[in-house]
Amino acid sequence: MRTMDYSKWEAASKYLKENNQDDLLMTIVSMSIDDLPKEHRSCLLYTAGFPERSTIDAGQLVRLWAAEGFLIQQPGVEQEELGQRYLKEFIFRGLMQLVKKKADVVESVAIHDQVYEILRSEAQRIGLMETHYGGGYAPATVSAKRLALNNNKMPYKTKVLWKVRTVLSHGAQGIMGGAKLPSGAHDAKLIEGSQEFKEASNQLLKESSSHDAQGPQEFKEGLRQLLKQSTFLRVISLEGINIGEKLPTRIGDMLHLQYLSVRCSSLTTVPDTIGKLKKLQTMDVRGTQVKILPMSFWKIKTLRHVLGNRDLRFHG
């Protein structure tokens with residue numbers, strides 16, 4: 001109500017009275033979500049793709065919003081600044097919980113359990129995000145455009161992957177940190193990271209491997225099939241999963257890809273074909289064993305963010 005003009009208070013009160021049948025909290029949260037502008041609503045519902053009860057890296061979330069096209073360009077306003085405005089609006093409305101803040105910058109947030117359930121349900125209902133949990137295999141539905149695979153299993157042997165635009169598979173804890181690549185400096189290295197990132201990723205790999213009935217080989221086959229069929233992928237974010245030592249060379253065929261995050265400790269090599277991703281904005285290989293990115297990668301002019309361990313260096 002604090003964000004509403006007084007003229008809307010009477011209508012809001014009437015809405016609450018008419019819709020307060022069983023769950024007052026759900027009614028209030030739903031009203032608050034409905035009151036958001038369309039672009040804000042998409043950004044908020046997108047958090048349903050993160051694991052429940054997880055701390056969300058605000059920088060990572062904003063970069064994902066940008067790659068999805070949710071941050072409408074405004075004259076004189078950088079995407080990162082706009083994303084921060086959205087985060088603060090959600091916190092102000094009580095739809096997000098502030099976890100960490102430095103100066104005026106929100107660094108991490110969380111979603112209350114009950115709010116998360118509402119967001120996940122609504123995101124599924126309108127087709128914004130399809131979320132998979134539990135120990136079973138995760139078959140994608142025909143309408144799936146964004147998949148959140150929070151059971152560490154890649155859709156496998158399915159014929160509907162061509163519609164998928166986004167694949168998120170995040171561990172229970174996000175890996176914090178990051179750096180922005182200055183405008184016009186696509187051939188300059190700007191790396192953030194630490195040993196803690198690698199240790200965190202190793203722990204996630206151990207945890208996921210211990211209960212991953214699908215197995216590394218089957219996941220890798222699922223990933224290869226995804227890259228073969230989903231030629232319109234814009235976002236790939238994988239964390240804490242054994243995908244093997246090398247990214248498939250077919251990654252270079254994902255010409256629409258804007259966000260690539262592979263934070264898996266098994267990864268050691270990124271193929272030269274990465275240089276074909278002419279729309280790539282974010283590359284994140286923190287917590288991996290990758291020490292060199294191909295020279296072709298550093299020639300991508302659309303790069304804004306490159307994140308890796310401190311030992312990541314130029315090719316050659």
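Up top is the structure.
Position labels on residues start from 1 in each chain and follow its written sequence. It should be noted that, the model being predicted, local features are given only for residues of pLDDT at least 70 and side-chain atom pairs only at 80 or more, the latter also being counted only at that level, while totals for whole chains, interfaces and linings use all residues. Each side-chain value is worked out from all heavy atoms of the structure, with water and hydrogens disregarded.

(A) Unusual backbone geometry, seen in detail. One non-glycine residue, arginine 53, adopts positive backbone phi at about 60 degrees. If you trace the backbone, arginine 53 turns up in the loop between helix 3 (38-46) and strand 1 (56-57). To sort residues, take the accessible area from a 1.4 Å probe on protein chains only and compare it with the maximum for the residue type: under 20% means buried, over 50% means exposed, and anything in between is partly exposed. Overall, the relative accessible area of 65% leaves arginine 53 in the exposed class. Strands are runs of DSSP state E lasting at least 2 residues, helices are runs of H or I lasting at least 4, and numbering of each runs from the N terminus.

(B) Fine view of the environment of arginine 125. Relative to the elements of secondary structure, arginine 125 occurs in helix 6 (residues 113-125). Separated by 2.6 Å, the side chains of arginine 125 and glutamate 122 make a polar contact. Polar contact is defined as a pair of N or O atoms within 3.5 Å, subject to the rule that within protein one atom must be able to donate a hydrogen and the other to accept it, and that residues adjacent in sequence are counted only when both atoms are side-chain atoms.

(C) Main features of the pairing of strand 3 (residues 105-110). For two strands to be treated as a pair, DSSP must find at least two bridges joining them. Pairing of strand 1 with strand 3 involves two bridges; the strand directions are antiparallel. Looking at strand 3, one finds that isoleucine 56 is bridged to valine 109. Across five bridges, strand 2 (residues 97-102) lies against strand 3 in antiparallel orientation. Bridging from a neighbouring strand, leucine 98 pairs with valine 109 of strand 3. Count of turn residues in the strand 2/strand 3 antiparallel hairpin: two residues, of which alanine 103 carries a positive phi of about 55 degrees.

Limitation: the analysis is restricted to geometry and does not speak to function.
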